[in-house]
Structure formats: structure tokens, C-alpha cells
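# Survey of secondary and tertiary structure
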Amino acid sequence: MATKLLALACIRNESYGNLSPRPHYPSMPKYPKGVSAEETANVESSMSKAKAMYAVMGMTCSACAGSVEKAIKRLPGIHDAVVDVLNNRALVLFYPSFVNEETIRETIEDVGFQATLIQDETSDKSTQLCRIGINGMTCTTCSTTVEKALQAIPGVQNVRVALATEAAEVHYDPKILNYNQILAAIEDTGFEATLISTGEDMSKIHLQVDGIRTDHSMRMIENSLQALPGVHGIGVDSGVHKIAISYKPDMTGPRNFMKVIESTGSGRFKARIFPEGGGGRENLKQEEIKQYYRSFLWSLVFTIPVFLTSMVFMYIPGIKHGLDTKIVNMLTIGEIIRWVLSTPVQFIIGRRFYTGSYKALRHGSANMDVLIALGTNTAYFYSVYSVLRAATAPHFEATLLTLDEDGNVISEEEIDSRLIQRNDVIKIIPGAKVASDGYVLWGQSHVNESMITGEARPVAKRKGDTVIGGTVNENGVLHIKATRVGSESALAQIVRLVESAQMAKAPVQKFADRISKYFVPLVIILSFSTWLAWFLAGKFHGYPESWIPSSMDSFQLALQFGISVMVIACPCALGLATPTAVMVGTGVGASQGVLIKGGQALESAHKVNCIVFDKTGTLTVGKPVVVNTKLFKNMVLRDFYELIAATEANSEHPLAKAIVEYAKKFREDEDNPLWPEAHDFISITGHGVKATVHNKETMVGNKSLMLDNNIDIPPDAEEMLAETEGMAQTGILVSIDGELTGVLAISDPLKPGAHEVISILKSMQVRSIVVTGDNWGTAKSIANEVGIEDVIAEAKPEQKAEKVKELQASGYTVAMVGDGINDSPALVAADVGMAIGAGTDIAIEAADIVLMKSNLEDVITAIDLSRKTFSRIRLNYIWALGYNLLGIPVAAGALFPTTGFRLPPWIAGAAMAASSVSVVCCSLLLKYYKRPKKLNNLEIRGIMIE
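Definitions and limits used
- Residues numbered from 1 in each chain as written.
- Predicted model: local features only at pLDDT ≥ 70, side-chain atom pairs only at ≥ 80, totals over all residues.
- Heavy atoms only, no water.
- Helix = DSSP H or I, 4+ residues; strand = E, 2+ residues; numbered from the N terminus.
- Buried < 20%, exposed > 50% of the residue type's maximum accessible area, 1.4 Å probe, protein only.
- Contact = heavy atoms within 4.5 Å.
- Areas by Shrake-Rupley, 256 points an atom, 1.4 Å probe, with all protein chains shown as cover.
- Core = buried A, V, L, I, M, F, W, Y, C linked by side-chain atoms within 4.5 Å.
- Salt bridge = Lys/Arg side-chain N within 4 Å of Asp/Glu carboxyl O.
- pLDDT = per-residue confidence, 0-100.
- Expected span 1.5 Å × (residues − 1).
- Arc of directions from axis to C-beta.
- Pairing = 2+ DSSP bridges.

With that out of the way, let us pick up the overall build of the protein. For the protein, the helix and strand inventory stands at 33 helices and 36 strands. The buried share among the 946 residues of the protein stands at 46%. In the protein, the share of contacts with a sequence separation of at least 24, taken over all contacts with a separation of at least 6, comes to 68%. Counting only carbon and sulfur atoms, one obtains 57% of the accessible surface of the protein, whose full area is about 47400 Å².

With 64 residues, the main nonpolar core has Ile-611, Phe-613, Leu-761, Ile-788, Met-834, Ile-849 and Ile-863 as its most contacted residues. A total of 12 residues in this core trace back to one element, the largest contributor, which is helix α30 (residues 857-891). When neighbours within four sequence positions are excluded, Phe-613 is seen to be in contact with Thr-618, Leu-619, Ile-758, Leu-761, Ser-768, Ile-769, Val-770, Val-771, Ile-788, Val-817 and Leu-856. Listed in part, the 22 residues of the second largest apolar core include Ala-646, Ile-659, Ala-691 and Val-700.

With the rule as written, the count across this model stands at 15 salt bridges. Where Glu-169 meets Arg-131, a salt bridge forms, and the shortest distance between an N and an O atom there is 3.4 Å. Here the residue Glu-169 occupies a position in strand β7 (residues 167-172), and Arg-131 occupies one in strand β5 (residues 128-135), the gap between them amounting to 38 residues. With a shortest N-O distance of 3.2 Å, Lys-427 and Glu-412 are connected by a salt bridge. Here the residue Lys-427 occupies a position in strand β17 (residues 425-428), and Glu-412 occupies one in strand β16 (residues 409-416), the gap between them amounting to 15 residues. Given the relative accessible area of 49%, Glu-412 is considered partly exposed.

In the predicted model, the protein carries a mean pLDDT of 79, and 84% of its residues have values of at least 70. Mean pLDDT across the elements of the protein bottoms out in helix α1 (residues 2-12) (34) and peaks in strand β25 (residues 610-613) (93). Predicted confidence for residues 1-46 stays below pLDDT 50, and this span has 67 contacts to residues more than four positions away or in other chains. For residues 121-125, every residue scores under 50 in pLDDT, and the model assigns this stretch three contacts once sequence neighbours within four places are set aside.

In this section: the environment of Asn-88. Note on placement: Asn-88 falls in the loop between β2 (78-84) and β3 (89-94). Placed 31 residues apart in sequence, Asn-88 and Met-57 show a C-alpha to C-alpha distance of 6.1 Å.

Before going further, it helps to spend a moment on helix α12 (residues 351-362). When the terminal C-alpha atoms of α12 are compared, their 17 Å separation across 12 residues agrees well with the 16 Å that a helix rising 1.5 Å per residue should span. Three or more residues of α12 are buried, namely Gly-356, Ser-357 and Ala-360. Along α12, the residues classed as buried sweep out an arc of 95 degrees about the axis, all on the same side.

What follows concerns the sheet that holds strand β19 (residues 445-448). Taken together, the three strands give an open sheet; going across it, the order is β20-β19-β22, and neighbouring strands pair in antiparallel fashion. Each end of this open sheet is capped by a strand with a single partner; those strands are β20 (459-461) and β22 (472-473). Two strands pair when backbone bridges link them, and β19 and β20 are joined in this way by three bridges, in the antiparallel orientation. The residue bridging Ser-445 from the neighbouring strand is Lys-461, located in β20.

Below is the structure:
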């Protein structure tokens, strides 16, 4: 209790001695408001002051002490207050008539610290205080666990455990227990306990004594020190000649101890501060930090390879292939490596969490160690289960669900994924691959579709959304209904598409084929001619005999030149120039979400200088919504929409789907409303539809459809159409029984980034045109928004194809970008047809290139990739032809007369192989293709399409 004694001495002397300088605050009221200065003087002279000592836990710096002191001095009736942050004490002098001890304690706790009133030891000798350092506490649960364990010990009167300072103050009855029992109780809860001070032993120092040769000398020094006033206890470690001294700092100190030690041995003994003494708790803390640091470094040694093999190397083709090599059934090398590396981290480096959690659970509490051990063990043993399952399963399996009539799950069964049939309900757990194409019946999750679309961002999936087989479910459980299985799945079709594309020859390949047709006979002739020329020259002394190496004659020299010509000539490099580049280019395109159907499409795309865009679903999002309705005849709106929904329900057009979806709002009482039967349904492509519903002839379409059927359009309808088109919306006219009944306004928002894409195409010298079946007003408004000047509207499918042919006749290489059935003729007629991946199956089938992500940016990617691929093909041809044009003359001895250099057949053979390898490597460099940086800038600005 040295601090208390020191503080008392300070107050008696009206000064603060060696305590740290006190902070100064604005004057605080000592008495309640209304007490005059004269009354104050009377109070001070007539009233006696009381003092109270508080243990304040949680202070870590002088700012903490300052805030406590300031709060106390704001109270009325406070004469003075001193706060010692080093020993966590606050001594307060106050006037009991105005404030009491409990109010002061509550004020300290209001500041945010724990405060306990310390009774004066002169009046209560049955209570002793010990301060204990506790290592290993990580959360409030830990501190609460320790506090409860100590409170349960008989003889403990009060306990304060502070997580921030990792210390505990325990008031206990020394007649019932001692501090060793308290330390044991703390360690029994799973934490390390170190005694800081106990009772009056408020200071402790460790001294190293040199010159001691016998135990008698050590006992003599111990007795001399024990006799000093103020020395509370002495501990001796004879092995290292260390003495631990507990003492009262107001009565003695370290210099006195050192003088006594040195005088005891007549100068033989020398005392100094023990290297690890005085700051024992700090040393323990430093050692704990070092231990954590070592554990962290060892964790890195094992964790970094796990991260690399699972997150980085999987994108490096050669290494990925090695890691994915199967050892037993579906068990791969990568899984074995990750298992081996993870195990030491889990059980050796992380063993402290097991120890801490065991001790916590043994006492009926759950601390942070329990959570860590539980979480990591769950992940670890689930991974072990997955590894063992992969080792025992010959194929990936799927979980087949059996449902009752109400859609409740009756049973689950694991089956081979190849046994999935159409309409099966499959359960997809987090981390598993989607077993087949289908749609979500139940659940919500995010699915990584990067293998299909090239887009790394997971796509949200909920009830009704489609999923693609082979993609990876990220975080939720899904129940899906299989719609396409086996060879019908999207993944299987893409694989077949890429395979057929890589097998198809590009027109430029014909050039290599023509050369190869004559190349071999020509090389044979050149080889024979070379041998004959050198042989005749040697026979008739056409060159000096000194040219002939000593190991051969003129015939052998001539034969060597002829063989070198035959060996070095390489038609392989020419033959590999195109197909290797096409194969790599189409593969890279697929990884970017651009499916290129063969070399013909790839070659044509690099020449494109004019692109024809459809509007709906291509330049726009393709998810139109009805935004306005106007009726020109008295009619209930629900009945009106029932008629047109029944008519449009048979159409696949996006506008028709928008109308049907809007009509459902008038039938909210039904989840899947059944529309009346439509008779004599006719779809007029590019104009609209008509049918008979409830014996009423209903037509839904554009202005041309109405005029073709001799239906008058009133001025009000014309005015609304003009207003709608001016806002880039589509106006749909509805007639019932030959009379115009209403107009619908449908809005289809522009795709994000459409304007920037058109701008980039202009910079690439590519002309853009809009050709749509929509009305002129809407088409022009959309074209103005994206920056396209050429617009053709109200075009039928055959008119779109005719426009493409006109552009081709004008000398353009035309690409058509569309998504619907009405775009199919133009997609076929164009030099390159590009179908939006979200479009109809017919459009995708008719196209040469499929943009899987449905992003307009991929139009630029497709053109840029084809240009890069054909640049690589040209480079390959230059290399292959140049190699033969230079290599054959050298092999024939063209340099021999002037330099004496000749090419032996074995070197010629190596050069021939190197030429093929170089061409293949040149093509493989395409794998590092990056799309244009301008598109990356679009992505940075957030122009992304779901």
C-alpha cells in the first residue's frame, strides 16, 4: 500500500512530492451554487475534511487519469483529488456535508472506469489486496470467467478484472486464504497468472549478486537484508545468484539494498539490477509477443502455399493441370497438398486455442477460444470429409430430392450426376457445383458463373432464376429443377461449340494449304539439285580441295548439303501458323465470355467496319416494363389487360412478356393466373399479334399493324404516341373488334455503357447503325442517346436482312448484333452475326459469335480479339516463310564459299523442330490477351451489366 502512504504524505505536506505533474483545469465549484465566498471561508474553518482512497481499474495513460481527476473535481464539496495512473489509485479529500464516498465512486465509473472504495488498513486489518497480471484474455467473456471463478473462492471479498490492462485486483481475507491459492484458481480457468503485488508489498526488485561462492554467503546476505526496516519478504534463487526483495518504498529502496549487500562481504559482493528483474510482468509480455510472432511466422510458412495452390496457381494453366491431376478417383494432388499443409496449423500452431477452450468449457463458460476452435474444426473436418469423399467417389455426385404434392422434401438420395433426368429436383449445397441446367425452386444464394460468362462477380439467385450446370454455388442452399441434362446442357453445348470451332479451318488456312501442296515436291527437287550442284562442282574442281574437310570427300560434302536442305525445310511451321492461333483465340474468347464459332467467324470479325445493332435487348436492357396506359373507350382496366394478356401470352417477344407481367398485377390473388384461351392466334413478325379472346378480335402491335388492318387512329392516340416516342418509350396500340381501344407506353432502359461502347467503336473506325422493328420516334431517341446517327425503324425481319446486304454491296464488312427471332435472317446474312447470350435459342443458333455476358462491351472484345489473333497468324506466316527462305539457302551452302560456314544435318534438324515450336509458342502467347484498356475504364466507372 506504498502508493496510499505516499499519497497521504503528499497531502499532509500540501504538495505532491515526486508524483507526476498534475494537470490544471478551470476552477471547479467546491460547494453548491448559492454559497457565498464569505460562507465558504466559514465552512472551511468550521468543517473537517474526510479522505477516501479508490482503486480505479482501466486507466492506461495520463489522459485517463486527467479525465478521472477532472470529473471528481466537478463535484460540489471536493477539496482536492490526486489520481495515480501507475498504481491505479485516486485519493480524494472532500467535505462530507456536500458529497459522500458513493457519489464519488459513481462519478468515476460514469467516466468509464471501474472504481472500488479501499478501506483504511488501520481500521480493517482483516482485508488484504493483491494485484495479479493475467495473460491470455481476449474478450469480455474471458474477464467475466476469471471474475466469477475468483468470486466463488471462500475468503474473497471483492474482485475487479480489467481486460484492457490484463490485470485483476482481489480483496481477500488473509486468515482464510493466500495469494497462491488465488493464482492457482486463475490458472485453473485456463489463463496465466503472475503476482504483481500483495498486501503492503507494493514494490519489488530483483538483484544479481556477484562474488557469491557458497550457500552460507547467500544466507548471510539474506539475513542482512531481512533486518532492514521496510523489507517485507525476500526470495532467493541460488542457481543464478538472484535475490527478489519486496519492500515499502517509503521506508527503503534499491540503493540501500545494494549498500547492505556490498558491506556484508567486505567488498567481495557486488550487487546490480538483475537483467530480467524489476519488469518481470513486462518481460512476460514481451515473451508472449515473441511467441505470437513466432507462431505467426510458422503459420505463414504453411498458409501461403495453401493460398497460392487454391487461389493463384489455379489460374496458371501448367500448374493448374498438375494440381488437378487425380491420384485416387476424384482426389487430386492439390487437395492432398492443402490437407498436409493445413494440419500443422490447425493442431500444432493452434493448440493454445484447444487448451484455452478446454479449460473454459470445464468451468461451464465459452470464451473466444471456444469459438475459434469450434469454427476452425468445423471447416477443417468438413474439408477432410470432402477429401475422403473425393478419394472414395469415382464421380461427383448430386443430391436427389423427393417432394410431396405440397413441395415438402420427403427424402434425399445421393446419386451419380450422370443419372440426373429432366424434371429431377436437386439440392445444391454451398461450395458444390450445380449438377445440371435448371431453375431455382427454393432458396437464395450467389452462383459463380465465371466458367460460362467469364465474369468473376457472383450472380444472385432466387426462386425462379435459371442456373447453369457446372457453375459453383457460393453461400446458400438451393433446390433446383433440372431442365437440360447431359449433352443438352449449356456447358456441353459450349464445349461442342468450341471443339467444332477449333476444328474448322479459317479461309486464310487455304493459303498455307496451297503452299504446302507444292512445298514438299519443291524441297525434294531443291535437295537433289543442291547435292548435284556440289557434287559436279567437286568432280570438275569447281572449288579448291581445301574446302573439303579431312574426314570426307567431295561426294560426302555434297551429300551433306543435300541432306541439310531436306531436313531444314519445314512445312509444319506453315501448317501450324493458322490452326494453333485459331485454337488459342477461340479458347481465350470462351474464357472472356465470347464464343466464336470457328475460324471463318474469327477471320471475318477482324475485317468488320460496320455494325448493325438491334434495339430491344441489344442496346437496351431487354427487360421492358409498362409505364403508362390510356383507354379511348369505357372499359374496366382489368378486363382490358385480361384480353391483351391472353393475346400476348403466346408470343416470345420481350414487349409481349412485359405486357403479360404487368397484367398479373390485376390478378394479385393468383400466383400463376390462367388467361382466357386465345383462338386464331397470328404473330406478324415486326408488327404485333392478333387473336380472338372471348369472341372479341384483339390486335396488339404498332401503328403499321393498325393501318394494315384499316383501323383508324384518333388524334388523341397519335398525340400520345408522339409523346411516348419522344421519351424513348415504345407505344403499343390495342384494338378490340376493329376499334382502337387503348395505347400502352413501354419503357426499356438503355444498357449501361452503351454510349461509351459506340464511342469506342467510332475510334476503331467502325460505323454503327440501328435497325429495329420499333417505331421511328423511339428508335431515334435511343439512337441519339447512344450517339448513333443512322437509324432504320419499323423494319420487318426480311428488311433487316436486306439492309445488311445493301451495306455489304457498298463495300462494308458487316456485323449484326441481335437477340431475337426477328434478328435471325440478318444474323445469317451478315458477314459476322453476334447474338446476345440472353437472347433466343434461334438467334444464338444463327449467329457466328455468342456474347455470353450479354454485354455490349463484348462486341469490342470480339473484334479486338479477332484482330489480335490474325495479327498473330500473320506473324506466324512471316516467321514460317522467313525461316524457310533463309534457312534453305544456308543449308544449301550459300555461305560456305565466303565464310566456310556449313549447316550439318543434325543442326538443320534441330532448327526445323525449333521453327515449329516457335510458331506454337507465338500462338500460345495469345493466352495472355487482355481486352482493351478503354473497357477496363468502363468497368472502373461501374458500367457493368448483370
